[in-house]
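The residues making up each chain are set out below.
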Amino acid sequence: MSGQDRISASVAVKEGQAVCAACGHDLGPATKPWKDHAQRREIPLAQAGGQAYDTGHEGVLLRHFYCPGCAALLDTETAMAGDPALDDILAERG
Amino acid sequence: MDPMTFSIIRHRLFRIVDEAVITLKHVSGSAITNEGHDLMVSLYRADGTLLMGGVGFLHHLTSAAEACKSIIRRFEGDIHEGDIFLLNDPYTAALHTSDIYLVSPIHHEGRLVAWSACFVHVYDIGAVNPGGFAPQAPDIYTEGFSSPGIRLVAGGEMRQDVLDTILNMVRSPEMVTLDLRSMIACNNVARDRMQSLMTKYGAKEVDGACAELVNQSEDLFRARLRELPDGQWQSRQYLDVNGETARVNLTMTKKDDRLIFDFSGSDPQSPYSINCTKWASLGGLFAPLFPLLCYDITWNEGVLRPVEMIAPEGSIVNCTRPAPVSVATVGAIQSVNNAACSTIGKMLGASEKYRNQSTAVWHANHFAIFKFGRNQKGGDSIGILTETFAGAGGARSFADGVEIGGEIPNPISRMANVETVEAAFPVRYLFRRRAPDSGGPGEYRGGTGGELALVPHKAPDGGINYVISGKGSRHPMSEGLAGGYPGAPNSYVWVKAPEDGANTPVTAAGGLDAISGTQERVSWGVYPLMGRDALYVRWNGGGGHGDPIVRDPEAVRSDVAAGLVTLQSAGDIYGVALRDGAVDETETMAKRKSIRSARLQQEASE
Amino acid sequence: MAGTGETSYLVATDVGGTCTDTVIFGTDGVIHIGKALSTPPDFATGVLNSIVSAAEPMGLTLEELLGRTHLFIHGSTVVDNAVLTRDGTPTGLLTTQGFEDTLHVTRGAYGRWSGLTEERIKNPVQTDRAPALAPRDAVVGIPERMDCDGAVVLPLDEAAVEQAVRFLVNEKQVGAIAVSFLWSFLNADHERRVRDIINRVAPGAYVTLSSDIAPNLGEYERTSTAVINAYAGQITNDYLTSLQGLLAEKGYDGATMVMQGYGGLLPAAEAADRAVGMIECGPAAGVIGAKFLGDLMGDPDVIAADMGGTTFKVGVIQDGKLEYAREPMVDRFHYLAPKIEVVSIGAGGGSIISVDPRTKVPHVGPRSAGARPGPICYGQGGEEPTLTDVMLLIGYMDPGQFLNGSITLDREKTERIFKEKIADPLGMSTQEAAIGIYRIASAQITDLIREITVERGLDPRDFVLHSFGGSCGMLAAAFGQELSVRRVIIPYTASVNCAFGLVSADVAHEYSVTQNLPATTSAAQINAIFAPMEERARAQLAAEGIEPDRMRMEWSVDLRYSRQVHEVTTEVAANTPLDDAGAARLVDDFEALYERKYGRGSAYREAGIEMTMFRLTARGLMPRPTLPAEEEGSADASAALIGNREIYVETKGGMAPGDIYDFNRLQPGNSLKGPAVIHTPITTIALPDRMTARMDRWRNIVVEFDAD
Ligand SMILES: [Zn+2]
């Protein structure tokens, strides 16, 4: 990774560490899944807000990953129970 | 070579594709080709590799290359000037049987120098359901005529026996004839123009320019990849059909100037026709790759070279014969489109230089609804509900997605006017508009999708029937980025009129719930739209970008005023309080603060 | 009015984006030309300046000229300008409830990609719609509904209309209201009742009904048209009123006729209420002017190419007939109104040349240096090489001869920058690189024209090419040859062609009725559709002072094959009203036209043929001024030969000596051989090797390709 890179608009990289882009909270090495260091919440999609998400089916989840430092919502995933988190990592440049 | 001549030849190759597309649309004259722009024309080099892809349904560019290559293999030594080959077998190269490829060798002074290829979605292919999408097909054998390669035109002469055999297997053979004629005319134009280009500049010079063009695209794409960070990005799509859900899992790895798309872990092939073959998956991942990463690079073989795909055999993204695939283009292929769009969007977002090119997933879920039946004039009418081409834009890192703004894999598309549909089909719309809360919330909101309701109107048979391949009404498929929510999923509802004999509704300003009757979800198969019943369809919005609680409260207010976001979502998701149509700033701050503290009161991540 | 015996004048003034051009025809047979800069947004000033610039050399003051003028014909870019600069009246929209988003949704992505170049379409992430002219919060849905037969499904809720009008006027402060309901083109009753309510509740508001302005199927385009018209309506009214006032003040007491995008004229009072009709009327006039010349010279098939500083425009005249645009747009907004098709791309003398730093491939455009800073050689601060600079470097422009020597071109600076920015990166000499860029520009224009003709099912080899505008003459012979057109003509009036087109036009009204009928419909039934339109048209023309013997009623019908999307407007060639043979001929003509346009094998008779729209063009023929023709004299052009210098000669593969001629010294009949360059007061004509140019009796330059 170069000094210019980040993991996403919400997760920045500072000296090889993934950090919350809003508050700088450390989220572990950028080469490892940062979600392991985030606060995770799983809610049924139907309860995510508004009416359009309520499809009348159970088992569809919306996952939120928050910054433990400032509670910024860093990422979302649609998921079914038990499916692993989606991991986005940067690699060291060879 | 001389950069001036190169520039001239390059420009002319673009125009040749354009002229061929015009010819295709002219001769075909069908709505799906002309309105939906469900077509593709491209040029290939003598060995079948992609030379120049046009703006059409982009997931065909690589499949048609494979079609050329398999024709070369099959007919080696027996390919002659003026021949045109037909290929539509998905297990050879095609996406599904109703997207027929016609490929033509282009000769110059007796030597094979290039190929042209095109497709249209033909009117019918003789599958178990009319229109080509066959939700009731259990296998490829019931999905209509299919050929791994057959000579349709020999030395400029139509092989009438072959044509008659094909037409003997389809509904509406006259319309299919016209589709085939349009593709023949299109290939003829491409061939004539390529030949005169070679006559003017010399075959060797043109071929040199083509080689240069391919190498240039490769160099440019590799240079762009090197500018992007190395890493690994994941996405996942859930495809639900008839109560079953299949996963498409993708891990995209970028290292130096290479890009690997690995679909390992995707679910086994489905009993339903949403599967796709490996050539279709390859096309599916390139459809977003071309416009997102190569917007300023010529779309050809050079872009393919740095890319590798891993797709496990027997999975939904690389199914084995005789799995049915007729709904692939709006099934697994679209999920591959979406998954690739999502990982590419993430990679672009990780780069300082390219973050503005990053986008959440656009219109992730087509709904193929083919209406068929007798219309008000007593004639037969069959046609797709073109709202499926209307789409919705994904949010970008700097702006909201475009409301009902189309899709990435088909840059040029549009839907028909309400009046056009009502003139041709015995139906009446109760409403057609943007669907509130359909765009994925975020700091930048996904573009809204739309909603419509249809009732029978002046139908001689009391209504019509429709084939619906409507998967994906459980899971949102337009993923968000960087904390943005996904766009809301599709919804298909059959509103059954109450028994008390009330009249067909004439208006429903309040939307779905204002239509009286009982609501039943439909998604897969053939259904009636009869009597006083109504069909409601909502299509998905684009994914959002960034945390919704940092969205500018003024933007939320204006969304609510425009009916794009409900008051409830404004409060629950965006944390914005409105009072008398204005933002209550104190209340909004308090609300957002309480949302933040509620977030951290959860159990820590395991 | 002019007194008898005294010369009286027809004055035509066209306001374009940059210049306002005037052509004056005297009854003495003399043509006078004037030019001034356009003066947006107060265009009337430029109009008067332009007329003055033509009157001065005649030795007349503005008042003297206008006092002897019997007709004033006008074309103006006022509507285009109001839309482009978003300078119109705040506008609201009343539409059918449940369909409030129609305008803003633009039939899906259609409004997002329409009007964009292919380069931009290929990068969808960076594209958006243009914000609509009526904001979404100024759209109100009204409970009402017609069906596909124009039958009322839901009656109009008049109380809701009144409330909506008050809301728009009081809360949203709109000054104009567009009304567009579903199926209103079949039954306009609801829209008309809404107009009555608006007139009562908000008498000051400007109102446009979709059923008046665009009575055609397709609610998105019809609504968009009504909104554009409402938005620009007041400005157009004000402009035409004030212009007529100014002219009257200066002594003009005749009629003012206004050019329409379909190439016909309307009296100013009528034009004022049809703002959309004036969109792109200048380019339309240009095509009309080319058609007039084509008719005069016996060439019914003409490709009219106009290349100025920023754009390249092409119109096609086939068999003396003009083609209407299928999906016209202004800025990025769609509208429905008959408009002559003029295809425009961003390529002109000001197009900037660049070299892609990644690939070292040179590009012409799409960016333009415009009028300011302009090309480097103009010395007005331009620092980027343009196509005009290339023309200087390959010897086609003379540094001392530009615009009659009013500007001395800076060759030294041009060469320096071109070398640094283009030639060096390409690893070529300045001369080689400049020649290469010229070849690229010529090839790209060739490609464009070929595509435009293919789209119409035409072959460029059947056409004569007319070259208009300041930059076209340097390229026209080259791309004309590659297209194998029959010959290339640089008209004498090339510099003021649009104004010239104004005087070649007739009064024309367009009427249409949308109705879906089988091709087997009887002649009597077709006649019954046209009869009320004709009656209306004759009354209209009579009210404008057109005598019955100068009225022409032209019928046409849109037909298509059932289940096909392409509609073809087919002229009724038989005598009208029709008899059954005439009706049958109409269908035959349609089939022939369809195959010609869409290619052999495209016709699909088996599905049946249907008629979808019935169109009437009602013409009031205008007196046509005659172009003065001179005797053609000797072929010897040596009196106009003013020098010889190195110019680019394609057959020599580089620079070679070429003769230089002065247009003003050429006489009708003079003939000269390429390679040569002819300098005219406003442009340069480059004549390649193996071509011959001749000045004809109207002082047009006619370029013929030598036989092999
Ligand atoms: Zn934080």
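In this text, all values refer to a predicted model and were calculated from it rather than measured experimentally.

1. Some thoughts on the overall build of chain C
Then comes step 1: When helices and strands are tallied, chain C shows 19 helices and 33 strands.
Then comes step 2: Over its C-alpha atoms chain C spans a radius of gyration of 27 Å, differing by no more than 12% from the 27 Å that the globule rule assigns to 708 residues.
Then comes step 3: Its C-alpha atoms give chain C principal-axis dimensions of about 80 × 70 × 55 Å.
Then comes step 4: Across the 708 residues in chain C, those meeting the buried criterion constitute 59%.
Then comes step 5: Relative to all contacts within chain C whose residues are 6 or more apart in sequence, the contacts with residues 24 or more apart total 68%.
Then comes step 6: Summing over all exposed atoms, chain C offers an accessible surface of approximately 25900 Å²; the carbon and sulfur share of this is 49%.
Then comes step 7: Side-chain charges of chain C comprise 62 positive and 93 negative groups, with the mean position of each set lying 4 Å from the other.

2. Remarks on the sheet that holds strand β19 (residues 524–530) of chain B
Whenever strands of a sheet pair, they do so through backbone hydrogen bonds, lying parallel or antiparallel.
Residues and elements named next belong to chain B.
Then comes step 1: Ordered in space as β13-β12-β16-β19, the four strands form an open sheet in which the pairing is antiparallel. Because the sheet does not close on itself, it has two edges, and the strands there are β13 (380–384) and β19. Along the sheet, successive strands turn relative to each other by an average axial angle of 15 degrees, direction set aside.
Then comes step 2: Summarising the sheet, strand β12 (residues 368–374) and β13 pair through five bridges and their orientation is antiparallel. The residue of β13 that forms the bridge with phenylalanine 372 is isoleucine 382.

3. Some points on the domain arrangement of chain C
Residue and element names in this part refer to chain C.
Then comes step 1: Domain boundaries in chain C define domain 1 (9–82 + 238–278), domain 2 (83–237), domain 3 (351–398 + 408–440) and domain 4 (507–620).
Then comes step 2: One C-alpha centre belongs to domain 1, the other to domain 2; they are set 32 Å apart.
Then comes step 3: Counting from both sides, the interface comprises 16 residues of domain 1 and, opposite them, 19 residues of domain 2.
Then comes step 4: Around 1400 Å² of area is buried between domain 1 and domain 2 when both sides are counted, 50% of it from carbon and sulfur atoms.
Then comes step 5: For the domain 1 face of the interface with domain 2, the top three residues by lost area are Ala82, Asp238 and Val276, together amounting to 40%.
Then comes step 6: The interface formed by domain 1 and domain 2 includes zero salt bridges.
Then comes step 7: Applying the counting rule to domain 1 against domain 2 returns 23 residue pairs in polar contact (both at pLDDT 80 or more).
Then comes step 8: Broken down by secondary-structure element, the contributors of at least two residues to the side of domain 1 that touches domain 2 are α3 (78–84) and α10 (219–249).
Then comes step 9: With five residues, the single largest contributor to the side of domain 1 that touches domain 2 is α3.

4. Section: the interface of chain B and chain A
Then comes step 1: Taken residue by residue, the interface counts 55 residues in chain B and 52 residues in chain A.
Then comes step 2: Counting each side, the surface lost to burial between chain B and chain A is near 4500 Å², with a carbon and sulfur contribution of 48%.
Then comes step 3: Across the pair A:Asp83 and B:Arg247 runs a salt bridge, and its minimum N-O distance is 2.8 Å.
Then comes step 4: When contributions to the side of chain B that touches chain A are tallied by element, the ones reaching two or more residues are α6 (203–227), β8 (231–241), β9 (244–255), α9 (332–349), α12 (567–572) and α13 (585–600) of chain B.
Then comes step 5: Looking at which element gives the most residues to the side of chain B that touches chain A, the answer is β8(B), with seven residues.
Then comes step 6: As paired strands, strand β7 (residues 89–90) of chain A and β8(B) are joined by two bridges and run antiparallel to one another. Paired with A:Leu90 across the strands is B:Gly231, a residue of β8(B).

5. A word on the sheet that holds strand β5 (residues 91–96) of chain C
Residue and element names in this part refer to chain C.
Then comes step 1: Strand order in the open sheet formed by four strands is β6-β5-β9-β10, and the pairing between neighbours is parallel. Either end of the sheet is taken by a strand with one partner, and the two such strands are β6 (139–142) and β10 (206–209). The mean inter-strand angle of the sheet, taken between neighbouring strand axes irrespective of direction, is 20 degrees.
Then comes step 2: Note: strand β9 (residues 176–180) against β10, four bridges, orientation parallel. Note on β10: the bridge partner recorded for alanine 176 is tyrosine 206.
Then comes step 3: Along the sheet, helix α8 (residues 189–201) makes contact with β5, β9 and β10, crossing β10 at roughly 175 degrees.

6. A word on the side chain of C:Asp21
Residues and elements named next belong to chain C.
Then comes step 1: Structurally, aspartate 21 can be placed in strand β2 (residues 19–26).
Then comes step 2: Under the relative-accessibility criterion, aspartate 21 is labelled buried at 9%.
Then comes step 3: Within the structure, aspartate 21 has its side chain in polar contact with the side chain of lysine 35 (distance 2.8 Å).

Analysis parameters
- Residues numbered from 1 in each chain as written.
- Chains lettered and ligands numbered in written order.
- Predicted model: local features only at pLDDT ≥ 70, side-chain atom pairs only at ≥ 80, totals over all residues.
- Heavy atoms only, no water.
- Helix = DSSP H or I, 4+ residues; strand = E, 2+ residues; numbered from the N terminus.
- Rg over C-alpha atoms; globule rule 2.2 N^0.38 Å.
- Buried < 20%, exposed > 50% of the residue type's maximum accessible area, 1.4 Å probe, protein only.
- Contact = heavy atoms within 4.5 Å.
- Areas by Shrake-Rupley, 256 points an atom, 1.4 Å probe, with all protein chains shown as cover.
- Lys, Arg positive; Asp, Glu negative; His and termini not counted.
- Charge placed at Lys NZ, Arg CZ, Asp CG, Glu CD.
- Pairing = 2+ DSSP bridges.
- Axes fitted to C-alpha atoms, helices over the stretch in contact; angles between N-to-C directions.
- Domains from an automatic or database assignment.
- Buried area = accessible area lost by both parts, 1.4 Å probe.
- Salt bridge = Lys/Arg side-chain N within 4 Å of Asp/Glu carboxyl O.
- Polar contact = N/O pair within 3.5 Å; in protein donor to acceptor, adjacent residues only side chain to side chain.

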